[in-house]
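Summary of structural features
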Amino acid sequence: MEKFDLVIVGAGFAGMYGLHKFREKGLRVRVFEAGTDVGGTWYWNRYPGARCDVPSIEYSFGFSDELEQEWDWPEVFSAQPDILKYANHVADRFGLREDIEFNSRVTEVRFVEEEGLWEIAIDQETRCRAKYCVMATGCLSVPNTPSLEGADSFEGQVLHTGRWPKEAVDLSKKQVGVIGTGSSGVQAIPELAKQSEHLFVYQRSPVYTVPANRKAMREEVQAEFRKNYRQIRELQQLNFGGVSNFRLTESVKRAVSKEKQTARPSKILELNEETLKQMIKEQGLGVLLSFTDVYSDMRANEIANQLFREEISSIVKKEAVASSLLPKDYGLGCKRQVLDRDYYETFNRSDVTLIDLEKTPIERISPKGIVTGDSEQSLDVIIYATGFDAMTGALLKSNIIGRQGKTLKEKWQFGPEAYLGLQIAGFPNLFTVTGPGSPSVLCNMLVAIEQHIDWIADCIGYLDANGFSSIEPTCAAEQDWIAHVNQVAEGTMYTAPSCNSWYLGANIPGKPRIFMPYVGGFPQYKSRCDAIVKNHYEGFVIS
Ligand code: N01
């Protein structure tokens, strides 16, 4: 059986950078990827309107000066096709494809204790062994399709935003139903409305979404970034969410007078209603997100929620539709912030109908369409924009089996347990990239990925240089870290009792309700990881 030093599962940005980095360290690496090409999230999520909500200058690799200097971003916030082009360029430039096997879904990752090696099965067939295994499987990569009665009987086309086909989808002259109004649904709905004959939006929970930045990348702005990339990368390391805000600072300086900028208070409770309304008028709804107390003080949160609702009511013409679109049961900051382009305006179109599932839930899917209450809507296409089994889904789906035949599913039956989101007790030499308990989805993913891959590469370098063969966390260190992750999340909007988000696993029936990412911020997390290394890998057993 073929043997590698290291196997990586997944060829998204984490797997791609991992391959490059570990190969540079002299390791023999093999990557297995279920898709037919690189790109991960950006390979699978090709739905109309898909784009990133982190500026592309920031949502790009920082490990290569040449790569930074040669790449042009056409927009400040890039659309999916441009990000996928970038991923392809990275793969070509660093010759990554020669060590990636595509169309290869990993179905088992088993620790062979006698040999101290990981054995990898592809499509149920054992393929190779490796000393180290790096799970670069992504945080939002296993689509969630709810089990709705009769779903299989539907005679039309069924699509999921997270598995959008490569081939063009022709929706013209089609009656289209879309289920779900999270980030994917909100991005897709305005585009689907333009493409289909009639769009029916099935909404279970209304969403708080604010207009996205639509700026094209200007030549002089890109040139300025190019000159300052090192500073941008340094600032990212110091920022809570791994974003330097370098460009933003410059553009804000240009857009508003210095006086206004310095005068802006950080707390919503310090302002009266009239001033706040004026600010929304001048700066848009997004301004509500810039007050710190909106996320930490229930009174401030409700002021922002109320202002938000009033603003939406003024955009959406039909009162009943506007009323359905207003979130009432939870506050801003509970879920991942959603950004949109003309979302609310789309509901003023005569060819768009909102179906409020709080009033009339989906009874079943019929061969012809969707039945809500006692009415059946005929549809040609049903699109699920129903999200993902986040953070743990892809790891559990890979059937990881550790020491003494214990599966990850058994270990995580009450929720994910890991040390730093990097390693799991009982699973030696197996690493997770942006795993539960790390900043991951609360951080610029590219920054989080590079930090994890660099940490893992240094760790393997240390083991190899010192003649060690194995590393895994102690159960005590794992438990202490989990307690810390829970403690920093406590009292934030994310864990409010009214909040039901995928961060908490609340979108998947039966999934334990645990706040999975680390909310203490990237700099605090990174310095903890670095301190642990300095302290001779404190909390790990090295043998
Ligand atoms: O998924 P979601 P998403 N019947 O879970 C509804 C990232 N992302 O794919 O809220 C009816 O947020 C569900 O309703 P409810 C980003 O991190 C980023 O949209 O559970 N409806 C909800 O409305 C994001 O947060 C970008 O009541 C059902 C929707 O489906 C994450 O991915 C773009 C249902 C799911 O929303 C996930 O976003 C896209 C049912 N049985 C995604 N089950 C950008 O970078 C679920 N729903 C901008």
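These figures come from a predicted structure and were not determined experimentally.

1. Some remarks on the state of the cysteines
Tallying each qualifying case throughout the model produces one disulfide. Disulfide pairing places Cys-334 opposite Cys-499 at an S-S distance of 2.0 Å. Between Cys-334 and Cys-499, the S-S torsion sits near 85°, and that sign places the bridge as right-handed. Of the two residues, Cys-334 is situated in the loop between helix H12 (319-325) and strand S11 (338-340) and Cys-499 in the loop between helix H17 (475-489) and helix H18 (522-534); the sequence distance between them amounts to 165 residues. By relative accessible area, which is 3% here, Cys-334 ends up buried.

2. A look at the sheet that holds strand S8 (residues 175-179)
Spatially, the five strands line up as an open sheet ordered S7-S16-S8-S9-S12, and their pairing is parallel. Strands with a single pairing partner mark the edges of an open sheet, and in this sheet they are strand S7 (157-160) and strand S12 (352-356). For this sheet, the mean angle separating the axes of adjacent strands, direction not counted, is 20°. As defined by bridge partners, S7 adjoins strand S16 (residues 381-384) across four bridges and the pair is classed as parallel. Bridging from a neighbouring strand, Leu-159 pairs with Ile-383 of S16.

3. So, the site of the ligand
In the vicinity of the ligand lie 23 residues, with Ser-183, Ser-184, Ser-205, Arg-336 and Trp-502 positioned nearest. Gly-182 is positioned such that a nitrogen or oxygen atom in its backbone is 3.4 Å from an oxygen atom of the ligand. Taking Ser-205, its side chain carries an N or O atom lying 2.4 Å from an oxygen atom of the ligand. Notes on the ligand: free accessible area 920 Å², of which the protein chains cover 87%.

4. Considering unusual backbone geometry
Phi angles above zero are rare outside glycine, and Asp-342 is one such case at about 65°. Within the element layout of this structure, Asp-342 appears in the loop between S11 and helix H13 (343-346).

5. Things to note about the layout of surface pockets
Considering only enclosed or pocket space, the second largest pocket measures out at about 410 Å³ in volume. Lining the second largest pocket are 21 residues; nearest its centre among them are Gln-237, Glu-450, Gln-451, Asp-454 and Lys-526. Sorting the residues of the lining of the second largest pocket by element identifies helix H1 (13-24), helix H7 (229-238), helix H16 (445-465) and H18 as the ones contributing at least two each. Here the lining of the second largest pocket takes seven residues from H16, the largest share from any one element.

6. With respect to empty space enclosed by the protein
Counting across every chain of the model gives three cavities of 30 Å³ or more. Considered as a void within the structure, the largest cavity measures approximately 90 Å³ in volume. Taken together, Pro-416, Glu-417, Ala-418, Pro-436, Gly-437, Trp-481, Ile-482, Val-485, Asn-486, Ile-514, Phe-515 and Met-516 form the lining of the largest cavity.

7. Remarks on the nonpolar core
One finds Phe-13 and Phe-22 to be the most contacted residues of the largest nonpolar core, which totals 130 residues. When residues of this core are assigned to their parent elements, the largest contribution, 10 residues, is made by H16. Contact partners of Phe-13, with chain neighbours within four places excluded, come to Trp-42, Tyr-59, Phe-61, Ile-83, Tyr-86, Ala-87, Leu-446 and Ile-449. With 22 residues, the next largest nonpolar core counts Val-106, Trp-118, Ile-120 and Trp-412 among its residues.

8. Some points on the side chain of Gln-222
Mapped onto the elements, Gln-222 comes out in helix H6 (residues 219-227). Polar contacts involving the side chain of Gln-222 include one to the main-chain amide nitrogen of Trp-73, which spans 3.3 Å. With residues near it in sequence (within four places) discarded, Gln-222 still touches Ile-57, Trp-71, Asp-72, Trp-73 and Met-217.

9. Here's the deal with the environment of Ala-322
Secondary-structure assignment places Ala-322 in helix H12. The exposure class assigned to Ala-322 is buried, which follows from its relative accessible area of 4%. Placed 25 residues apart in sequence, Ala-322 and Phe-347 show a C-alpha to C-alpha distance of 8.6 Å. Those residues in contact with Ala-322 that sit more than four places away from it in its chain are Ser-313 and Val-316.

Calculation criteria
All residue numbers here refer to positions counted from 1 along the written sequence of the relevant chain. The model is predicted, so local features are restricted to residues of pLDDT at least 70 and side-chain atom pairs to those at 80 or more, both for listing and for counting; the totals for chains, interfaces and linings are taken over all residues. With hydrogens and water excluded, all non-hydrogen atoms of the structure serve as input to the side-chain values. Disulfide assignment relies on a single distance test, namely cysteine sulfur atoms paired within 2.5 Å. Only DSSP runs of H or I with at least four residues qualify as helices, and only runs of E with at least two residues qualify as strands; both kinds are numbered from the N terminus onward. Partly exposed describes any residue whose relative accessible area lies between the buried limit of under 20% and the exposed limit of over 50%, with all areas from a 1.4 Å probe on protein chains only and scaled to the type maximum. Two strands pair if DSSP finds at least two bridges between them. Axis lines are fitted through C-alpha atoms, for helices just across the contact stretch, and the angle between N-to-C directions can take any value from 0 to 180 degrees. We call a residue near a molecule or strand as soon as one heavy atom of that residue lies within 4 Å of the molecule or strand. Think of a polar contact as two N or O atoms within 3.5 Å of one another; within protein, one of them needs to be a possible hydrogen donor and the other a possible acceptor, and neighboring residues in sequence only count if both atoms come from side chains. In short, Shrake-Rupley with a 1.4 Å probe defines the accessible areas, and a residue's cover is counted only from the protein chains shown. Two kinds of site are reported from a 1 Å grid over the protein atoms alone, namely cavities, where a 1.4 Å probe fits but cannot get out, and pockets, open sets with protein on both sides within 12 Å along at least five of seven lines, and residues are called lining when an atom falls within 4 Å of a point. Grid points are joined across faces, edges and corners, and a volume is the space filled by probe spheres set on the points. Buried Ala, Val, Leu, Ile, Met, Phe, Trp, Tyr and Cys residues that are joined via side-chain atoms within 4.5 Å together make up what is termed a nonpolar core. Note on contacts: a residue pair qualifies if any of its non-hydrogen atoms lie within 4.5 Å across the two residues.

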